[in-house]
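Structure at a glance
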Amino acid sequence: MTATIAFLGCGEMSEAIMAGLLDSGIPADRVLATVRSPERAALLARRYAVSLAASAEDSDANARAAARADVVVLGVKPDQIRGVAEEIAVSLRPDTVVVSVAGAIPLSTIEGALPAGQPVVRAMPNTPVRAGFGVTAVVGGAHASGETLQRVSALFATVGLVVEVGEDQIDAVGTVSGSGPAYVFYLAEAMAEAGKRLGLPADLARTLATHTVAGAGRLLDGDADPAALRRAVCSPNGSTERAIAAFEERGLRGVVAAGAAAAEARAKEITRQLAGDSARPEGDR
């Protein structure tokens, strides 16, 4: 029987996951979701035909959804994760798997807010899960068995590639696959702008850039070697080779590495900030 999945919080990432799962064939009657506002609930209900509840109108929405679910996906903002985990703790069955897709919140924090022994998995998906071409990194908590991790991995495998990592690698993973789509979209923006500077109409430049990036991504799908694909496009002493040389001269590889390092540093900074905030007395927050 298909597992019942509850999305507690349904922002951009959770909606992308939910949309991808539904497109993969998971029945809509096996998907529950909660959001804050009634307007957002109505919008998502029309869009996906799943069961929605608004916590602003129904204070028990999260607990009731968790009680019905086999898998609970915590999709609220990082600073709300612990509070929602505490809210649903009494409603969970012992075998319900709690999956956090929030960055910056370690497994130990979530486990500390839940009943002893509750299986928890931390996942780091990216937005292409919406189209079935996502990448999701997963790491199991102290009480997540190999079978539990396989169940969660199988769920995310319906919307793309799944890799198992250690929690000490999760921030680095986030800088490559989690933030990576934004890097690619930024490249598409830059390509379109370059086309405009060379005299192309704005609409045509954007179309050429976006379709080229999408097509190149399809060639990369699987185990293709990016360097080999690049070399295949670069005819000796040709115009493409000259462009790549200009990128190298201006240190594009170093720029990308610096961006990834900045993203990882910020992720760790957010983790420290949230840990410090949670340790402060309630009246001091």
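Residues numbered from 1 in each chain as written. Predicted model: local features only at pLDDT ≥ 70, side-chain atom pairs only at ≥ 80, totals over all residues. Heavy atoms only, no water.

Moving on, we come to the pairing of strand 6 (residues 120-124). Here strand 6 lies mainly inside the structure; five of its five residues are buried. The alternating pattern of strand 6 places V120, R122 and M124 and V121 and A123 on opposite faces, both of which are buried. Pairing between strand 5 (residues 97-100) and strand 6: three bridges, direction parallel. Bridge pairing in strand 6 links V98 to V120. The handedness of the strand 5 to strand 6 crossover, carried by helix 5 (residues 107-112), is right-handed. Pairing of strand 6 with strand 7 (residues 134-140) involves four bridges; the strand directions are antiparallel. By the bridge assignment, M124 is partnered in strand 7 with A137. (Buried < 20%, exposed > 50% of the residue type's maximum accessible area, 1.4 Å probe, protein only. Helix = DSSP H or I, 4+ residues; strand = E, 2+ residues; numbered from the N terminus. Pairing = 2+ DSSP bridges. Right-handed = clockwise from strand over helix to strand, strands pointing away.)

Here the focus is helix 1 (residues 12-23). The end-to-end C-alpha separation of helix 1 is 16 Å, in line with the 16 Å expected for 12 residues at 1.5 Å each. Of all 12 residues in helix 1, nine are buried; the element is thus mostly enclosed. Of all the residues in helix 1, the buried ones are S14, E15, A16, I17, M18, A19, G20, L21 and L22. Along its buried surface, helix 1 packs onto strand 1 (5-8), strand 2 (31-35), helix 2 (38-48) and helix 6 (146-157). (Expected span 1.5 Å × (residues − 1). Contact = heavy atoms within 4.5 Å.)

Nonpolar side chains collect at one region of the surface, where F247, L252, V255 and V256 lie side by side and expose about 360 Å² of accessible area between them. The greatest single-element share of the nonpolar patch, amounting to three residues, is contributed by helix 12 (residues 252-279). Looking at where L252 falls in the secondary structure, it is placed in helix 12. For L252, a relative accessible area of 42% translates into the label partly exposed. (Patch = residues over 30% accessible without salt bridge, like charges linked within 9 Å, V, L, I, M, F, W, Y side chains within 5 Å. Areas by Shrake-Rupley, 256 points an atom, 1.4 Å probe, with all protein chains shown as cover. Salt bridge = Lys/Arg side-chain N within 4 Å of Asp/Glu carboxyl O.)

When the UniProt feature table is mapped onto this chain, "binding site: NADP(+)" (unreviewed entry) is found at L8, G9, C10, G11, E12 and M13. Checked against the element boundaries, L8 lands in strand 1. The contact partners of L8, leaving out residues within four places of it in the chain, are T34, N62, A65, V72, V73, L74, G75, V76, V84 and I88. Here G9 falls in the buried class, since its relative accessible area comes to 12%. Beyond its immediate chain neighbours, meaning those up to four positions away, G9 contacts S14, T34, G75 and V76. (UniProt positions renumbered as here; feature names shortened; annotations may be inferred.)

This brings us to the side chain of S153. By the secondary structure assignment, S153 is in helix 6. With near-sequence residues (within four places) excluded, S153 lies in contact with V138 and V162.

This part is about the side chain of T136. Position of T136 relative to the elements: it lies in strand 7. Not counting the four nearest positions on each side in its chain, T136 is found in contact with A123, M124, P125, V129, F156, L161, V162 and V163.

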